[in-house]
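Examining the three-dimensional arrangement
The primary structure of each chain is shown beneath.
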Amino acid sequence: MFFLSYEEYKTVCYIWLTLAVIVFLILIFVKAPYGRHKTKGWGVEISAKKGWIIMESIPAVLLTVMLVLGHNRDFVVLFFWAIWTAHYVNRAWAWPNRAKLEEKLMPLSVVILAVIFNTINCLLNGIWLFDLSGGYELSWVTDPRFTFGGVIFFFGMILNIKSDDILFSLRDDGSTGYKIPRGGLFEKVSSPNYLGEIIEWIGFAIATWSLAGFTFAFWTFCNLAPRAFAHHRWYKEEFSDYPEDRKALIPFVI
């Protein structure tokens with residue numbers, strides 16, 4: 001249905017993985033210009049809320065279209081579609097409304113790059129799930145890879161959402177400035193929300209046991225780890241009382 005042989009598909013995945021390494025190295029030195037790291041010189045800006053809705057809606061909508069067009073719609077594939085979509089429904093609609101982005105702007109260039117990123121990752125995973133995988137037997141739900149991966153995915157999702165809740169609570173008093181987050185895994189790392197998202201897609205990769213899942217998990221790390229490092233440096237520069245024992249992303253490690 002999607003007109004790629006498995007060999008061609010693997011080649012595309014390997015090229016995409018190589019680009020992830022390049023992007024990781026770039027992002028170590030160049031901070032993505034949105035949120036607290038927003039800088040001038042990145043072109044036309046649009047509403048940050050609209051930008052997030054546009055770029056995070058793509059994976060939910062596109063994977064659903066691919067589900068309709070694809071061959072495989074067995075129970076396990078539908079489960080993978082459901083948890084993928086649940087993540088992006090939260091990211092595209094729940095998160096932007098809770099983050100109070102109405103008065104903030106972000107570069108249109110960032111939105112366009114994110115749309116490209118999300119589209120390619122969605123296509124790679126959709127082609128695998130709905131075509132090249134041949135479907136998953138129902139017995140896959142008893143496979144340790146499915147069970148372990150599913151547990152990791154939902155653990156990451158909970159960590160991501162709970163960490164976002166803590167960040168949102170910092171502005172419950174109506175303030176708009178930044179504060180030192182307290183509670184939860186924020187006591188150990190500066191960006192547990194990013195750690196949670198990385199863990200999610202590692203779990204998805206294990207549960208699907210696919211090159212597509214691995215590629216997405218690897219890209220997620222390459223995209224979010226440098227931003228977590230940038231956040232950590234920013235916190236230490238902005239707050240003289242920032243906890244010295246906090247790591248950037250992984251407790252007790254980095």
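Everything that follows concerns the structure shown earlier in this document.
Nothing here was measured: the structure is a model prediction, and the numbers come from that model.

1. Here's the deal with the overall build of the chain
Looking only at helices and strands, the chain features 7 helices and 2 strands. When the helices and strands of the chain are listed from N to C terminus, the series reads α-β-α-α-β-α-α-α-α. The C-alpha atoms of the chain give a radius of gyration of 19 Å, which matches the 18 Å a tight globule of 254 residues would have. Considering only C-alpha atoms, the chain reaches an extent of 55 × 40 × 30 Å along its principal axes. Accessible surface, the chain as shown: approximately 12,600 Å² in total, 69% of it carbon and sulfur. Here the chain carries 23 positive and 22 negative side-chain charges, and the mean point of each set is 6 Å from the other.

2. Concerning the packing of helix 6 (residues 192-208) against helix 7 (residues 211-238)
Helix 7 packs onto helix 6 with a crossing angle of 170 degrees between their chain directions and a minimal axis gap of 9 Å. One element, helix 6, and the other, helix 7, form an angle in the roughly antiparallel class. For the pair helix 6 and helix 7, the contacting residues are Y194, E197, I198, W201, I202, F204, A205 and T208 in the first and G213, F214, F216, A217, T220, F221, L224, R227, A228 and H231 in the second. In terms of residue class, the contact of helix 6 with helix 7 is made up of 12 nonpolar, 4 polar and 2 charged.

3. Examining helix 1 (residues 6-29)
For helix 1, with 24 residues, the first-to-last C-alpha span of 36 Å sits near the 34 Å given by 1.5 Å per residue. Among the residues making up helix 1, those that are buried are Y9, K10, C13, W16, L17, A20, F24 and L27.

Procedures and definitions
- Residues numbered from 1 in each chain as written.
- Predicted model: local features only at pLDDT ≥ 70, side-chain atom pairs only at ≥ 80, totals over all residues.
- Heavy atoms only, no water.
- Helix = DSSP H or I, 4+ residues; strand = E, 2+ residues; numbered from the N terminus.
- Rg over C-alpha atoms; globule rule 2.2 N^0.38 Å.
- Areas by Shrake-Rupley, 256 points an atom, 1.4 Å probe, with all protein chains shown as cover.
- Lys, Arg positive; Asp, Glu negative; His and termini not counted.
- Charge placed at Lys NZ, Arg CZ, Asp CG, Glu CD.
- Axes fitted to C-alpha atoms, helices over the stretch in contact; angles between N-to-C directions.
- Parallel < 35°, antiparallel > 145°, perpendicular 65-115°, else oblique.
- Contact = heavy atoms within 4.5 Å.
- Nonpolar A, V, L, I, M, F, W, Y, C, P; charged D, E, K, R; others polar.
- Expected span 1.5 Å × (residues − 1).
- Buried < 20%, exposed > 50% of the residue type's maximum accessible area, 1.4 Å probe, protein only.

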